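Architecture at a glance
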Amino acid sequence: MTGLMTGSDVWIRRFHPPAEGEPERTPLVCFPHAGGSAAYFHGLSRLLSPAGIEVLAVQYPGRQDRRGEAPMEDVREIAAAVVEAISPWAGRRPAYFGHSMGAVVAFEAARLTEPRVLFASGRRAPSTHRTEAFHLLDDDALIAETERLSGVSSELLADPEMRELVLPPLRADYRAIETYRPEPDAVVRVPVEVIVGDRDPRVSEDEARAWQAHTTGEFGCTVVPGGGHFYLADRTDELAGLISRRLAGLPR
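Please read all numbers here as calculations on a predicted model, not as lab measurements.

What follows covers the nonpolar core. Of all hydrophobic cores here, the largest spans 44 residues; its most connected members are Trp11, Phe31, Tyr96 and Trp211. When residues of this core are traced back to their parent elements, those giving at least two are helix H1 (8-11), strand S2 (26-31), strand S3 (53-58), helix H3 (75-85), helix H4 (101-112), strand S5 (118-121), helix H7 (160-178) and strand S6 (192-197). Looking at this core element by element, the count peaks at 8 residues for H4. Apart from the residues within four sequence positions on either side, Trp211 is in contact with Ala103, Phe107, Leu118, Ala120, Arg123, Arg124, Ala125, Pro126, Val192, Val194 and Phe219. Counting residues in hydrophobic clusters, the runner-up holds 24 residues, among them Leu28, Leu48, Ala57 and Leu239.

For the rest of this paragraph, the subject is the pattern of salt bridges. As enumerated under the stated definition, the model contains 15 salt bridges in all. Note that Arg14 and Glu54 form a salt bridge whose closest N and O atoms lie 2.6 Å from each other. Taken together, the positions of Arg14 in the loop between strand S1 (12-13) and S2 and Glu54 in strand S3 put the pair 40 residues apart, joining distant regions of the chain. For Glu54, a relative accessible area of 2% puts it in the buried group. Taking the shortest distance from any N to any O, the salt bridge between Glu205 and Arg209 comes out at 2.9 Å. Residue Glu205 and its partner Arg209 are located together in helix H8 (residues 205-209), separated by 4 residues, close to a single helical turn. On the basis of relative accessibility, which here comes to 37%, the residue Arg209 falls in the partly exposed class. If you follow the salt bridges from partner to partner, you end up with Arg76, Glu108, Arg111 and Glu183 in one network.

The subject of this paragraph is the packing of H3 against H4. Between H3 and H4, the least distance of the axes is 8 Å, while the angle of their chain directions is 60°. Between H3 and H4, the angle is such that the two are oblique. Every pair of crossing elements has a handedness; the one defined by H3 and H4 is right-handed. Residues Val75, Arg76, Ile78, Ala79, Ala80 and Val83 of H3 form the contact with H4, whose participating residues are Val104, Val105, Glu108, Ala109 and Leu112.

Our focus in this paragraph is the packing of aromatic side chains. Two measures describe an aromatic ring pair: the distance that separates the ring centres and the angle between the ring planes. Applying the stated rule across the entire model yields 6 aromatic pairs. Summarising the aromatic geometry, the rings of Tyr40 and Phe41 are spaced 5.8 Å apart at their centres and angled 85° between planes, so their arrangement reads as edge-to-face. Centre to centre, the rings of Phe41 and Phe97 are 6.1 Å apart; their planes meet at 85°, and the pair counts as edge-to-face. Here Phe97 lies in strand S4 (residues 95-99) and Phe41 lies in the loop between S2 and helix H2 (42-48), a separation of 56 residues in the sequence. Relative accessible area serves as the criterion here: at 0%, Phe97 is assigned to the buried category.

Cut-offs applied
Residues numbered from 1 in each chain as written. Predicted model: local features only at pLDDT ≥ 70, side-chain atom pairs only at ≥ 80, totals over all residues. Heavy atoms only, no water. Core = buried A, V, L, I, M, F, W, Y, C linked by side-chain atoms within 4.5 Å. Buried < 20%, exposed > 50% of the residue type's maximum accessible area, 1.4 Å probe, protein only. Helix = DSSP H or I, 4+ residues; strand = E, 2+ residues; numbered from the N terminus. Contact = heavy atoms within 4.5 Å. Salt bridge = Lys/Arg side-chain N within 4 Å of Asp/Glu carboxyl O. Axes fitted to C-alpha atoms, helices over the stretch in contact; angles between N-to-C directions. Parallel < 35°, antiparallel > 145°, perpendicular 65-115°, else oblique. Left-handed = near helix turned anticlockwise from the far one by under 90°. Phe/Tyr/Trp six-rings, centres within 6.5 Å; stacked < 30°, edge-to-face > 60°.

Following this line, the structure appears as structure tokens:
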């Protein structure tokens, strides 16, 4: 495998960039879940583009077109690499959206920068701890857990060749998030908007609202009725509306 690659063209996917001559859009950096890729945010990008928001989807190493790179196993290292990669957009002060593991990576990135707002989706607050060791499970058990959350399709994981591609980055991501320990007083100085499904087995509403202790800025929490851990897969329209309304209310 090759070493870690850097640069926005390696780390960032732009699915709907503005055409030449179009007004600049508000950048929204999207951090995927464990085992996820930039492609997960294609639909969100399509919906937000007309609202003047451009999704900058993060592609972690070890998956899809970066499968030749070793996956990273440290949340803070991932966050630092993303901050470096999005430096071309720093002057426009991007907003951050992270789902599940991505919410914590986005939080650590926000500690290094000051995004317009941090959207923390489908993840309990850093200060709330559950003892989990899914990264130590054997392949079949890890796949079963992923299927239970509906994070990866059963058909995909049934293919032996695809399993060989999916499992290493998935396990590395689980290791990264399960060994992550924030400083007790870790905070960001930007607004934090938390979004969680009311049927999410990984996050209770109390654990979601505990994010308030991690910001000195405004705080909001949206509970999605009937939403599971991957509520955004079939509620993308609602999510896009929430994001666009929140960004529209912020000073430029």
